[in-house]
Amino acid sequence: MSGSASGVRKSLAKVEVALRWDPSPAGTPPNDLDIVAAVYGAADPYGQPVQVVHFGSRSPDGTITLSRDSRTGQGFGFDEVMTLELDRMRPESVRVVVGVLIQDAGPRGGRRKTFAAVGGTGVRIREGHTDLAVSDFSAVPHATAATIARFTRDGAACWLLDTAVRGFDADAEEFVRAMGAEGP
């Protein structure tokens, strides 16, 4: 992602993650991409998430919401938008990993839709009107899912951002298990 390779080193409060992509060509299955966020607690920051937020859900405390959900990529601008209110999260929440998953990517072992097959992809992470990172999925063309951001609470209770894009060949369930395992 563009921006600082090592991440944003200022305390973050309310962040928006926006995703865009082009519709699939006529006569082909729709391109359906989804933003997924997993929150990890202090007791197990690289293990099982304490909550997962994706299409059709929100965090129980309302700190993570998906305000737009597209199943086709049709429309202008960004098709899906997720808001993370980091400054309102419980103190036990120390890590949030955000990723993007291609829904209905196809059968495992068979031909699966990858980011290379989805045109016009883009991701924007911003706080207020300031873009923190802007990218696409060109670095992971053969992946069916990718992590795009890791928010980590430091010892001073400040939220920091790392924007490394990491690709996975995984379905939704596998992706949620794998996305938080990547180390600091």
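Residues numbered from 1 in each chain as written. Predicted model: local features only at pLDDT ≥ 70, side-chain atom pairs only at ≥ 80, totals over all residues. Heavy atoms only, no water.

Peer 1: Residue-level account of the packing of aromatic side chains, with values.
Peer 2: Summed over all chains, the structure comprises 2 aromatic pairs. Taking 4.2 Å as the distance between ring centres and 10 degrees as the angle between the ring planes, the aromatic pair formed by Phe 115 and Phe 137 counts as stacked. With Phe 115 in the loop between strand E6 (93-102) and strand E7 (122-127) and Phe 137 in the loop between strand E8 (130-135) and strand E9 (145-153), the pair connects residues that are 22 residues apart, well separated along the chain. The pair formed by Phe 115 and Phe 137 is uniform in burial state, with each residue classed as buried. Ring geometry for Phe 168 against Phe 175: centres 5.4 Å apart, planes inclined by 65 degrees, an arrangement best described as edge-to-face. Residue classification places Phe 168 among the buried positions, given a relative accessible area of 11%. The ring of Tyr 40 has Arg 95 sitting right over it, with the charged end atom 5.4 Å from the ring centre. (Phe/Tyr/Trp six-rings, centres within 6.5 Å; stacked < 30°, edge-to-face > 60°. Helix = DSSP H or I, 4+ residues; strand = E, 2+ residues; numbered from the N terminus. Buried < 20%, exposed > 50% of the residue type's maximum accessible area, 1.4 Å probe, protein only. Lys NZ or Arg CZ within 6 Å of the ring centre and 35° of its normal.)

Peer 1: So what about the pattern of salt bridges? Which residues, and what values?
Peer 2: Overall, the coordinates contain 6 salt bridges when judged by the stated rule. Arg 150 is the partner of Asp 162 in a salt bridge, and the nearest nitrogen-oxygen pair spans 2.4 Å. Taken together, the positions of Asp 162 in strand E10 (residues 159-162) and Arg 150 in strand E9 put the pair 12 residues apart, joining distant regions of the chain. With respect to burial, Asp 162 and Arg 150 carry one shared label: buried. The shortest N-O distance in the salt bridge between Glu 173 and Arg 177 comes to 3.3 Å. Of this pair, Glu 173 and Arg 177 are both found in helix H1 (residues 172-179), 4 residues apart, which corresponds to roughly one turn of the helix. Residue classification places Glu 173 among the exposed positions, given a relative accessible area of 58%. Judged by its relative accessible area of 46%, Arg 177 falls in the partly exposed class. (Salt bridge = Lys/Arg side-chain N within 4 Å of Asp/Glu carboxyl O.)

Peer 1: Give a detailed account of the pairing of E7, specifying residues and quantitative values.
Peer 2: Counting buried residues in E7 gives 6 out of 6 residues, a clear majority hidden from the surface. Here E7 shows two buried faces, one formed by Gly 122, Arg 124 and Arg 126 and the other by Val 123, Ile 125 and Glu 127. Two strands pair when backbone bridges link them, and strand E1 (residues 14-20) and E7 are joined in this way by 5 bridges, in the antiparallel orientation. Bridging across to E7, Arg 20 finds its partner in Gly 122. Of the strand pairs in this sheet, E7 and E8 are connected by 5 bridges, and their pairing is antiparallel. (Pairing = 2+ DSSP bridges.)

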